[in-house]
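# Overview (structure and organization)
Listed below are the residues making up each chain.
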Amino acid sequence: MSKTFKNTIIYVLLGFISPAINFILIPLYTNYLSPEQYGIITISVVFQAILNIVIGLGLVGTYHRFYYDYDDQKSINSLFDTCISINILTTIFLSLGLFFYGDLIFKDLFETTEFTMNKYGWWVVLTAISGIIQNFILAEYRNKEEAGKYSIYSFLFFIATVI
């Protein structure tokens, strides 16, 4: 079996795990979650999608684009560190704004007093930045064609998200 075919199978299976688990858990969700809880989940998903755009700044795509322009590992590491640092700084500045105005934004934008920064918002921010960093780490192993390490980290990130 060729290396490309083997790696493709690994990447497809790992990409399929998360949606498959969510699909399998649908009966559990529908039995135990109330419509209000579905609303909280929906607000969380929308908020995380917005954060992914604002925090991410398209840097994962930039990392993919410029990765092969560098010949030496030092330059690749510098690119990786720069992208991660920009995302972390963006998260810090955005978190400061959310600290002061987050609850007001949720009250006005989503018309809810149930979803607050202290109750759910900070978890969503943590999930968003963790997901972005995960994408960089997985991109690194995918670009280096290290399917084994990609598999391990993909599975560990999946377990951490579930927990």
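Residues numbered from 1 in each chain as written. Predicted model: local features only at pLDDT ≥ 70, side-chain atom pairs only at ≥ 80, totals over all residues. Heavy atoms only, no water.

### Description of the overall build of the chain
Convention followed: Every helix listed is a DSSP run of H or I at least four residues long, and every strand listed is a run of E at least two residues long, numbered separately from the N terminus. With a 1.4 Å probe rolled over the protein chains alone, any residue whose accessible area is under 20% of its type maximum counts as buried; one over 50% counts as exposed, and the rest are partly exposed. What makes two residues a contact is simply this: any of their non-hydrogen atoms within 4.5 Å. The protein chains shown are the only cover counted for residues, whose accessible areas, like all others here, come from Shrake-Rupley with a 1.4 Å probe.
Regarding its fold elements, the chain presents seven helices and zero strands. From first element to last, N terminus to C terminus, the chain shows the α and β order α-α-α-α-α-α-α. Projected onto the principal axes, the alpha-carbon positions of the chain cover approximately 50 × 40 × 20 Å. The buried share of the chain, taken over its 163 residues, is 29%. Considering only residue pairs separated by 6 or more positions, the chain has 71% of its internal contacts joining residues 24 or more positions apart. When the accessible surface of the chain is totalled, it reaches about 10800 Å², and 68% of it is carbon and sulfur.

### Here's the deal with the side chain of Glu140
Checked against the element boundaries, Glu140 lands in helix H6 (residues 117–143). With a relative accessible area of 9%, Glu140 lands in the buried category.

### Points about the packing of aromatic side chains
Worth spelling out the cut-off: Pairing of aromatic rings covers Phe, Tyr and Trp, the last through its six-membered ring, and needs centres within 6.5 Å; plane angles under 30 degrees mean stacked, over 60 mean edge-to-face, and all others mean tilted.
All chains considered together, the criterion is met by 13 aromatic pairs. Residues Phe47 and Phe115 carry aromatic rings whose centres are separated by 6.3 Å and whose planes lie at 85° to one another, so their mutual orientation is edge-to-face. Within this pair, whereas Phe47 is found in helix H3 (residues 35–56), its partner Phe115 is found in the loop between helix H5 (73–109) and H6, the two being separated by 68 residues in sequence. By relative accessible area, Phe47 is classed as buried at 7%. On the accessibility criterion, Phe115 (1% relative accessible area) is buried. Centroid distance Tyr153 to Phe157: 6.4 Å. Interplanar angle 40°. Geometry classified as tilted.

### Let's talk about the confidence of the model for the chain
Atomic detail in the predicted coordinates should be set aside for any region of low pLDDT. Under the convention used in this document: The pLDDT score gives, residue by residue, the confidence of the prediction method on a 0 to 100 scale.
Chain-level statistics for the chain give a pLDDT mean of 89 and a share of 99% at 70 or above. For the chain, helix H1 (residues 3–24) is the element with the lowest average pLDDT, namely 78, and H5 is the one with the highest, namely 95.

### Focus: the pattern of salt bridges
The cut-off we apply is this: Just to be clear on terms, a salt bridge is a Lys or Arg side-chain nitrogen sitting within 4 Å of an Asp or Glu carboxyl oxygen.
The final tally for this structure, using the stated rule, is four salt bridges. Between Glu114 and Lys119 there is a salt bridge, and its shortest N-O distance comes to 2.5 Å. For Glu114, a relative accessible area of 38% translates into the label partly exposed.

### Topic: the nonpolar core
As a reminder of what qualifies: The criterion is simple. A nonpolar core is a set of buried Ala, Val, Leu, Ile, Met, Phe, Trp, Tyr and Cys residues joined through side-chain atoms within 4.5 Å.
Grouped together as the largest cluster of nonpolar side chains are 24 residues, with contacts concentrated most on Phe47, Leu51, Tyr63, Phe115 and Phe136. Secondary structure elements with two or more residues in this core: H3, helix H4 (59–67), H5 and H6. Among the elements that line this core, the one with the most residues is H6, at eight residues. Excluding anything up to four places from it in sequence, Phe47 contacts Leu98, Phe106, Phe115, Met117, Gly121, Val124 and Val125. Ranked by size, the runner-up nonpolar core spans six residues in total, among them Leu138, Tyr141, Ala147 and Tyr150.

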